[in-house]
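Take a look at the letters that make up each chain.
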Amino acid sequence: MSGVRVLVGTRKGAFILASDGTRVRWDISGPFFGGWEIYHMTGSPADPNRIYASQSSGWFGQVIQRSDDGGRTWQPVGNQFVYEGTPLPHQWYDGTPHPWEFKRVWHLEPSRDDPDTVYAGVEDASLFRTTDGGETWHELPGLRGHGSSSAWAPGAGGLCLHTVLLDPRDPLRMFVAISAAGVFRTDDGGRTWRPANRGLRSQYLPDPAAEVGHCVHRIVLHPARPSVLFMQKHWDVMRSDDAGESWHEVSGDLPSDFGFPVVVHAHEPDTVYVVPITSDSEHFPPEGKLRVYRSRTGGGEWEALTTGLPQRDCYVNVLRDAMAVDTLEPCGVYVGTTGGQVYASRDAGDTWTPIVRDFPPVLSVEVQTLR
Amino acid sequence: MIRVVLPAHLRSLARVDGEVRLEVRGPATQRAVLDALEDLYPVLRGTLRDPLTGRRRALVRFYAVRQDLSHEPPDAPLPEEVATGAEPLLIVGAIAGG
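The following paragraphs examine the structure supplied in this document.

Looking at the overall build of chain A
Across its full length, chain A holds one helix and 30 strands. Its C-alpha atoms give chain A principal-axis dimensions of about 50 × 45 × 40 Å. Classification of the 371 residues of chain A by burial places 53% in the buried group. If you take every contact in chain A between residues at least 6 apart in sequence, the share linking residues at least 24 apart comes to 50%.

As structure tokens, this is what we get:
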């Protein structure tokens, strides 16, 4: 019997929403780590009972939690994220130099093959890796060592490395995305990196087509076609057909091309989902209507998905890590909001039902499909 | 024996109820107490002070016998009442909303 586990990180703790494959009735467990911010919680593709959570607090710093039994019990593992060396300062918001300071782990990306290997994207932006189940973490210094890092500047959420994509066909290739630096790609397992931002244009930069400095909010790939990437940028929805060598805009007929998350349908590499937000200052949906937009053409042409979602007086946001898909048939799509709702669609977005309505603000949503 | 009161978030993280009681070798200082605390509860490493520099985290405060000891040097002796266990060292998360 198949099932689904939805892992929800919120401003005040973590929750696990579990259902069988029908995705009709849900069991809610949590809060785990009550009172702490859970920026991300995700399971290992190699062992679904292995789950990692990034637990942090402005008061008490960073903790990494690990579960070996599907989230029933947890143990804190290593929380030392020590930068290697002392590269030149990055830029502060006003362009002045600012030293690197570790603040928190934004995103955990477990290896597809080894439950003990996990990548961690952190603020201030860098990439760390553990190969011992989270006990020790080591920086991949080639990323920050890239000659451009002294020009990286924080976005509104901080200078964060928030997305890590592992190429399923090439174990040496990875992509990361940093706000506000852009996309970087490695083809040698993380030793060296190069910017992958050609085609992006950002009006807040002195040179709108600069090599780095773009506030990329999220990138995603489909495992069956890893050379095609989709991006939700600060403004603009973008697509690359050559593994990040170049990008072109596919915002098309969206009501706004500002937003945070972007995901791809589990079985249709050209079916893409975004959640348009009014603007960079008005972080709520246009017209007070929460609409997930779906393109079945790989971008350009979009349809509003509204059935079951609030269509009046709705002023929540959906953050970059708060939308995910399962791999059942039909594909399930899940969205968590800053208003504490988690909506699920078990028909690829055609209709939506709230699983919960009153959680703390949702920071992240991940889905494990259990078979 | 030295008594330490942790904030609720750290009590749950360390899975302790009530006060923590510690034996400290040598003079009772902030550093010695935090060293003993982290030895007993390794999960607290990094939550009160930077693990590399030893600097107190900005939103962590140390109080005892109605005094704010947060800005005392880490190797300064703690008050006699704390050193003898008559009064606890209070570790407090600063009031900062949220």
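Looking at the sheet that holds strand β23 (residues 272-277) of chain A
Residue and element names in this part refer to chain A. Overall, antiparallel pairing links the four strands, which are arranged β22-β23-β24-β25 in an open sheet. A strand with exactly one partner marks an edge of an open sheet, and here the two such strands are β22 (258-264) and β25 (303-305). Ignoring which end each strand starts from, the neighbouring axes of this sheet average 30 degrees apart.

Looking at helix α2 (residues 30-40) of chain B
Residues of α2 of chain B that are buried include every one of Gln30, Ala32, Val33, Leu34 and Leu37 of chain B, and no others. Buried residues along α2 of chain B sit in contact with β1 (2-5), β2 (20-22), β3 (60-64) and β5 (89-93) of chain B.

Side note on the interface of chain B and chain A
Quite often, the size of an interface is put as the accessible area lost when its parts meet. Counting from both sides, the interface comprises 14 residues of chain B and, opposite them, 13 residues of chain A. Sorting elements by how many residues they give to the side of chain B that touches chain A places helix α1 (residues 8-14) of chain B first, with three residues. Of the residues contributing to the side of chain B that touches chain A, the split by class is eight nonpolar, five polar and one charged.

Comments concerning the sheet that holds strand β1 (residues 3-10) of chain A
Residue and element names in this part refer to chain A. If you walk across this open sheet you meet the four strands as β3-β2-β1-β30, and the pairing is antiparallel. Of all strands in the sheet, those with a lone pairing partner are β3 (27-32) and β30 (362-370), marking the two edges. With strand direction ignored, the average angle separating the axes of adjacent strands in the sheet is 15 degrees. Relative to strand β2 (residues 13-20), β1 runs antiparallel, the two sharing eight bridges. Paired with valine 6 across the strands is leucine 17, a residue of β2.

Re unusual backbone geometry
All names here are of chain A. Cis rather than trans, the peptide bond between serine 179 and alanine 180 has omega equal to 0 degrees. Residue position: alanine 180 is located in the loop between β15 (174-179) and β16 (182-186). Along the chain, glutamate 329 connects to proline 330 via a cis peptide bond; the corresponding omega equals -5 degrees. Mapping proline 330 onto the fold places it in the loop between β26 (323-325) and β27 (333-336). Non-glycine residue glutamate 287 carries a positive phi angle of around 65 degrees.

As for the environment of valine 264 of chain A
All names here are of chain A. Within the fold, valine 264 resides in strand β22. Of the residues examined, valine 264 has 23 C-beta atoms within 10 Å and is grouped as buried. Distance in space between the C-alpha atoms of valine 264 and glutamine 203 is 27 Å, their sequence separation being 61 residues. Not counting residues up to four positions away in its chain, the partners in contact with valine 264 are Val220, His222, Phe230, Pro269, Thr271 and Val272.

Structural notes on the pairing of strand β5 (residues 47-57) of chain A
Residues and elements named next belong to chain A. Burial within β5 is extensive, with eight of its eleven residues counted as buried. When strand β4 (residues 37-44) meets β5, the two strands line up antiparallel, connected through seven bridges. For isoleucine 38, the partnering residue across the bridge sits in β5 and is glutamine 55. Once β4 ends, the chain turns through two residues before running back antiparallel as β5. Bridge count for β5 against strand β6 (residues 61-67) is seven bridges, and the pairing is antiparallel.

What counts as what
Residues numbered from 1 in each chain as written. Chains lettered and ligands numbered in written order. Predicted model: local features only at pLDDT ≥ 70, side-chain atom pairs only at ≥ 80, totals over all residues. Helix = DSSP H or I, 4+ residues; strand = E, 2+ residues; numbered from the N terminus. Buried ≥ 20, exposed ≤ 12 C-beta atoms within 10 Å, placed from the backbone. Contact = placed C-beta atoms within 7 Å. Pairing = 2+ DSSP bridges. Axes fitted to C-alpha atoms, helices over the stretch in contact; angles between N-to-C directions. Nonpolar A, V, L, I, M, F, W, Y, C, P; charged D, E, K, R; others polar.

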